Amino acid sequence: MGKVEFSMENVNKCLCTVCAVQGTSSCVKDKLQAMQEKMSEDIDIASVIEPSDIPGMYCASGKTSCDDLYFHEECKCVECPVFKENDLMSGEPMGYFCRDGMAR
Ligand code: SF4
Ligand code: SF4
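A quick note: this is a predicted structure, and the numbers were derived from the prediction, not measured.

The rules behind the values
Residues numbered from 1 in each chain as written. Chains lettered and ligands numbered in written order. Predicted model: local features only at pLDDT ≥ 70, side-chain atom pairs only at ≥ 80, totals over all residues. Heavy atoms only, no water. Salt bridge = Lys/Arg side-chain N within 4 Å of Asp/Glu carboxyl O. Helix = DSSP H or I, 4+ residues; strand = E, 2+ residues; numbered from the N terminus. Buried < 20%, exposed > 50% of the residue type's maximum accessible area, 1.4 Å probe, protein only. Phe/Tyr/Trp six-rings, centres within 6.5 Å; stacked < 30°, edge-to-face > 60°. Lys NZ or Arg CZ within 6 Å of the ring centre and 35° of its normal. Expected span 1.5 Å × (residues − 1). Arc of directions from axis to C-beta. Polar contact = N/O pair within 3.5 Å; in protein donor to acceptor, adjacent residues only side chain to side chain. Near = heavy atom within 4 Å. Disulfide = S-S within 2.5 Å.

S.K.: An account of the pattern of salt bridges is needed here, citing residue identities and associated values.
M.R.: Scanning all chains against the criterion turns up 5 salt bridges. Among the salt bridges present, the one from lysine 13 reaches glutamate 85, with a minimum N-O distance of 3.1 Å. Residue lysine 13 is found in helix α1 (residues 8-13), and its partner glutamate 85 is found in helix α5 (residues 81-85); the two are separated by 72 residues along the sequence. By relative accessible area, which is 24% here, lysine 13 ends up partly exposed. Here glutamate 79 ties to lysine 76 by a salt bridge, and the two come within 3.7 Å at their closest N and O atoms. Three or more residues joined by partner-sharing salt bridges are found here, namely Glu9, Lys13 and Glu85.

S.K.: Let's hear about the packing of aromatic side chains: which residues, and what values?
M.R.: In total, this model carries 1 aromatic pair according to the counting rule given. With a centroid separation of 6.4 Å and 50 degrees between ring planes, the pair formed by phenylalanine 83 and phenylalanine 97 is classed as tilted. A residue pair is termed long-range when its members are at least 10 positions apart, and phenylalanine 83 in helix α5 and phenylalanine 97 in helix α6 (residues 97-100) qualify at 14 residues. Considered together, phenylalanine 83 and phenylalanine 97 belong to a single accessibility category, that of buried residues. Here the guanidinium or amino end of arginine 99 rests over the ring plane of phenylalanine 71, the centre of that ring lying 5.7 Å away.

S.K.: Provide a residue-level description of helix α2 (residues 26-40), including the pertinent values.
M.R.: Between its first and last C-alpha atoms α2 spans 21 Å; for 15 residues at 1.5 Å apiece the expected length is 21 Å, and the two agree. The set of residues buried in α2 consists of Val28, Lys31 and Met35. All buried residues of α2 lie within an arc of 60 degrees about the axis, which places them on one face of the element. Away from its buried face by more than 90 degrees, α2 exposes Asp30 and Ser40. Of the residues that open α2, the one with a side-chain oxygen 3.4 Å from the backbone nitrogen of cysteine 27 is serine 25.

S.K.: Could you give an account of the site of ligand 2, naming the residues involved and the relevant values?
M.R.: Taken together, Cys14, Leu15, Cys16, Met57, Tyr58, Cys59, Cys77, Cys80, Val82, Phe83 and Phe97 are the residues near ligand 2. The set of elements that each furnish at least two residues to the shell around ligand 2 consists of α4 (58-61) and α5.

S.K.: Break down the state of the cysteines for me, citing the residues and quoting the values.
M.R.: Taken as a whole, this structure holds 1 disulfide when the rule is applied. Here cysteine 27 connects covalently by a disulfide to cysteine 66, the sulfurs 1.9 Å from one another. Its S-S torsion of approximately -70 degrees makes the covalent link between cysteine 27 and cysteine 66 left-handed. With a gap of 39 residues between them, cysteine 27 in helix α2 and cysteine 66 in the loop between α4 and α5 connect regions that are remote in the sequence. By relative accessible area, cysteine 27 is classed as partly exposed at 23%.

Below is the structure:
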């Protein structure tokens, strides 16, 4: 278990989906589309979605399974409410959780 709770509330706050690191990733695009399809069905999303299905919340779930991210762009985590609420500035790694693993 990491420091950050994996909840739909936090998923909605996560800025990874608008982060340039992921902006050109077709793997991320596919995951987003699959997620949106599940969300449009009238089901309890939390019961059908796995953390690895969500292209974000890496501070809670760890490294991405996609291999086409562009790490030369800037990580948005420091601007994220989840980052502030969980005081991730004082932990490790300090952002780029998609590359370096979950917050500890
Ligand atoms: S963890 Fe940081 S670098 Fe990775 S997608 Fe999220 S905001 Fe971007
Ligand atoms: S701190 Fe980064 S990985 Fe965690 S929820 Fe915010 S944007 Fe997503």
